[in-house]
Amino acid sequence: MGLTAALKKKTSFFTIDVELSCPDGQTLALIGPSGSGKTTIIRMLAGLVKPDGGYIRYRDEILFDSARGIHLPPQKRKLGYVFQDYTLFPHLTIYGNAAFAARDRGEVDALLDFFGLTALRDRKPHEVSGGERQRCAVCQALARNPQLLLLDEPFSALDVVTRRILRNELKAITEKRTFPVVYVTHDVTEALFIGNTVLPIVAGSIDREWMERIVTPADEAGLRQRAARAPKLSLTY
Amino acid sequence: MELLPLYLSAKLATLATAILVVVAAPLAYFLVHSSWPGKSFVEALFNLPIALPPTVIGFYLLYLMGPKGLAGQAWENLFGGPLLFTFSGIVIASIFYSLPFAVQPIKASFEKIDPRLKENAYVLGLSPIATFFRVIIPNSINGVAAAAILVFLHTMGAFGVVLMVGGSIAGETRVASIAIYEAVESMQYEKAWLLSLAFIPISYAFLLLVNRLTRKN
């Protein structure tokens, strides 16, 4: 069952027209170059942007249906949503942020513990590192017990090493969950690592050829030729 | 020294500021987060008191709040007395006069908040009203406080509007700015000096506070 959606939306450069589905307990990675429409797609799933047409269904629930005029606001979609950066509430502590929409305090403590944030619980978001902020954002999203987890390039503002660690942590924690996860990224490695399914989006449409081009090793003869043409560098002291 | 005009000014400014912040904050939030046809026209109408001479605003309010005016008649029906030349009258006039001076800075401090904070509150299940109180206000409280102080000072110094609507009734509508003017008119320079002098530390202290509040933000 899980999540199924067909989405249409006219943007200023192209028209988004995709169909996607993600079973419960699985992760769907949306990948594509910058400006390909993947953020708009995940914002439509969240209810932050209204599609021009199509539907979004989760189990028996209709979140959006243009034919029936149904458009649930984001508040009613029981979401976890992780933005790229700087969406923690600056006036609250790490604990206050993680517990912002939580029902169960014990769960918040367990999440903070899992992400190694217990010692930082009384700090404000600007007093911790970027990686710790994003860990807290994931806690905030999970602590409300969402029925659907959406992540929009959650780690792309972080350095490579931190990104890898967070990717592992996220995978470890979402593997135990039963809800669908939709993960937007422009990083192929990340998409292949995190997604059970990878959906390549280019200019608003699904483009599997683009994905193949990206993951096929480059023509080696051509590479060697270019390397030979490059000027040799020498150092003199 | 006669303290009554100073007391009246402070009372007028405190009341008007308290009411204005309560009115202006939701209004500013609505203006920042909504778009509808004709919005800029309505907003310009709200902002007219910034551009109009205070005596012109005072003149229109004098008419509206008078026995033949809409507001004056409604007040008379509700409370059984006139609105013109009363303390309540100058409070109401000051609110209209200072409204844009409250809305504009509060709006500016709301606009400084990253719109994604609002979106994050929405996806976490908060209604727009809950978002206003739990996210917007706590993150713009310094800006709102600074706006309140500026409105307070602006109302403390109001002259034209208050004179038109309230006249100069001792203990009722003769606020400090009017008392100073009248003291000069009747050549009581010592009184004018003392009342004027009282404004300097008040205004200076409040401006320092505004500076502090906005710098921290």
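Provided above is the structure to which this section pertains.
Quick caveat: nothing in here was measured; it's all calculated off a predicted structure.

## Looking at the overall build of chain B
Reasoning step 1: What chain B contains, in helices and strands, is eleven helices and zero strands.
Reasoning step 2: When the elements of chain B are put in sequence order from the N terminus, they spell out α-α-α-α-α-α-α-α-α-α-α.
Reasoning step 3: Over its C-alpha atoms, taken along the principal directions, chain B stretches across nearly 65 × 40 × 30 Å.
Reasoning step 4: When the accessible area of chain B is evaluated, it comes to approximately 11300 Å², of which 71% is carbon and sulfur surface.
Reasoning step 5: Side-chain charges in chain B split into 13 positive and 10 negative, and the spacing between the mean points of these groups amounts to 11 Å.

## Brief notes about the overall build of chain A
Reasoning step 1: A tally of regular secondary structure across chain A gives eight helices and eleven strands.
Reasoning step 2: Oriented by its inertia axes, the alpha-carbon framework of chain A measures out at about 65 × 50 × 30 Å.
Reasoning step 3: Considering only contacts in chain A between residues 6 or more positions apart, those separated by 24 or more positions represent 68%.
Reasoning step 4: Put simply, chain A has 32 plus and 27 minus side-chain charges, and the middle of one group is 3 Å from the middle of the other.

## Comments concerning the interface of chain A and chain B
Reasoning step 1: At the junction of the two partners, chain A supplies 19 residues and chain B supplies 17 residues.
Reasoning step 2: Summed over the three residues of chain A that lose the most area to chain B, namely Gln75(A), His91(A) and Phe100(A), the buried surface amounts to 36% of that side.
Reasoning step 3: Applying the counting rule to chain A against chain B returns one salt bridge.
Reasoning step 4: One salt bridge in this structure joins Arg43(A) and Glu119(B), with 2.6 Å as the shortest N-O distance.
Reasoning step 5: Here chain A is connected to chain B by ten residue pairs in polar contact (both at pLDDT 80 or more).
Reasoning step 6: If you list the elements that add at least two residues to the side of chain A that touches chain B, you get helix 1 (38–46) and strand 7 (79–82) of chain A.
Reasoning step 7: For the side of chain A that touches chain B, the residue count by class is twelve nonpolar, four polar and three charged.

## Some points on the pairing of strand 1 (residues 3–10) of chain A
Residue and element names in this part refer to chain A.
Reasoning step 1: Direction of pairing for strand 1 relative to strand 2 (residues 15–22): antiparallel, over a ladder of eight bridges. Bridge pairing in strand 2 places Ala-5 opposite Leu-20.
Reasoning step 2: In sequence, strand 1 turns back onto strand 2 through a hairpin of four residues.
Reasoning step 3: Sheet topology places strand 1 next to strand 4 (residues 53–58); six bridges connect them, and they run antiparallel. Opposite Thr-4, over in strand 4, you have Arg-57 as the bridge partner.

## Regarding unusual backbone geometry
Reasoning step 1: Positive phi outside glycine occurs at Glu153(A), with the angle close to 40 degrees.
Reasoning step 2: When you line up the elements, Glu153(A) lands in the loop between strand 8 (148–152) and helix 5 (160–174).
Reasoning step 3: With a phi close to 60 degrees, Phe85(B) is a non-glycine residue in the positive phi region.
Reasoning step 4: Examined against the element boundaries, Phe85(B) turns out to sit in the loop between helix 4 (70–79) and helix 5 (87–111).

## A closer look at the packing of helix 3 (residues 105–114) of chain A against helix 4 (residues 130–143) of chain A
Residue and element names in this part refer to chain A.
Reasoning step 1: Contact geometry for helix 3 and helix 4: axes closest at 10 Å, N-to-C directions at 150 degrees. It follows from the interaxial angle that helix 3 and helix 4 lie roughly antiparallel. As helix 3 packs across helix 4, the resulting crossing turns out to be right-handed. Note on element contacts: helix 4 touches helix 3 through Cys-139, Leu-142 and Ala-143, opposite Val-108, Leu-111 and Leu-112.
Reasoning step 2: Classifying every residue of the contact of helix 3 with helix 4 by side-chain character gives six nonpolar, no polar and no charged.

## Points about the environment of Phe100(A)
Reasoning step 1: Secondary-structure assignment places Phe100(A) in the loop between helix 2 (94–98) and helix 3.
Reasoning step 2: For the pair Phe100(A) and Phe89(A), spaced eleven residues apart in the sequence, the C-alpha separation amounts to 9.1 Å.
Reasoning step 3: Aside from chain neighbours lying at most four places away, what touches Phe100(A) is Phe89(A), Leu92(A), Gln140(A), Leu124(B), Leu126(B), Arg134(B) and Val135(B).

## Some details on the sheet that holds strand 7 of chain A
Residues and elements named next belong to chain A.
Reasoning step 1: Taken in spatial order, the six strands make up an open sheet running 7-8-9-3-10-11, and their pairing is mixed. If you trace the sheet from one side to the other, it starts and ends with strand 7 and strand 11 (205–206), each paired once.
Reasoning step 2: In terms of strand pairing, strand 7 meets strand 8 through four bridges, oriented parallel. Bridged to Tyr-81 within strand 8 is Leu-150.

## A closer look at the state of the cysteines
Residue and element names in this part refer to chain A.
Reasoning step 1: For the structure on display, the rule yields zero disulfides over all chains.
Reasoning step 2: Of all cysteine sulfurs, the one in Cys-139 lies closest to Cys-136, which takes part in no disulfide; the gap is 5.9 Å.
Reasoning step 3: Overall, Cys-136 belongs to the buried group, its relative accessible area being 0%.

## Structural notes on the packing of aromatic side chains
Reasoning step 1: According to the stated counting rule, one finds 14 aromatic pairs over all chains in the structure shown.
Reasoning step 2: When the ring of Tyr81(A) is compared with that of Phe83(A), the centres are 4.5 Å apart and the planes differ by 45 degrees; the resulting orientation is tilted.
Reasoning step 3: The exposure class of Tyr81(A) is buried, given its relative accessible area of 4%.
Reasoning step 4: Taking the relative accessible area as the measure of exposure, Phe83(A) reaches 4% and is therefore buried.
Reasoning step 5: What links up through ring pairs into an aromatic cluster is the set Tyr29(B), Phe110(B), Phe132(B) and Phe133(B).
Reasoning step 6: For Arg134(B), the ring lying beneath its charged end belongs to Phe100(A), and the centroid distance is 4.1 Å.

Definitions and limits used
Residues numbered from 1 in each chain as written. Chains lettered and ligands numbered in written order. Predicted model: local features only at pLDDT ≥ 70, side-chain atom pairs only at ≥ 80, totals over all residues. Heavy atoms only, no water. Helix = DSSP H or I, 4+ residues; strand = E, 2+ residues; numbered from the N terminus. Areas by Shrake-Rupley, 256 points an atom, 1.4 Å probe, with all protein chains shown as cover. Lys, Arg positive; Asp, Glu negative; His and termini not counted. Charge placed at Lys NZ, Arg CZ, Asp CG, Glu CD. Contact = heavy atoms within 4.5 Å. Buried area = accessible area lost by both parts, 1.4 Å probe. Salt bridge = Lys/Arg side-chain N within 4 Å of Asp/Glu carboxyl O. Polar contact = N/O pair within 3.5 Å; in protein donor to acceptor, adjacent residues only side chain to side chain. Nonpolar A, V, L, I, M, F, W, Y, C, P; charged D, E, K, R; others polar. Pairing = 2+ DSSP bridges. Axes fitted to C-alpha atoms, helices over the stretch in contact; angles between N-to-C directions. Parallel < 35°, antiparallel > 145°, perpendicular 65-115°, else oblique. Left-handed = near helix turned anticlockwise from the far one by under 90°. Disulfide = S-S within 2.5 Å. Buried < 20%, exposed > 50% of the residue type's maximum accessible area, 1.4 Å probe, protein only. Phe/Tyr/Trp six-rings, centres within 6.5 Å; stacked < 30°, edge-to-face > 60°. Lys NZ or Arg CZ within 6 Å of the ring centre and 35° of its normal.

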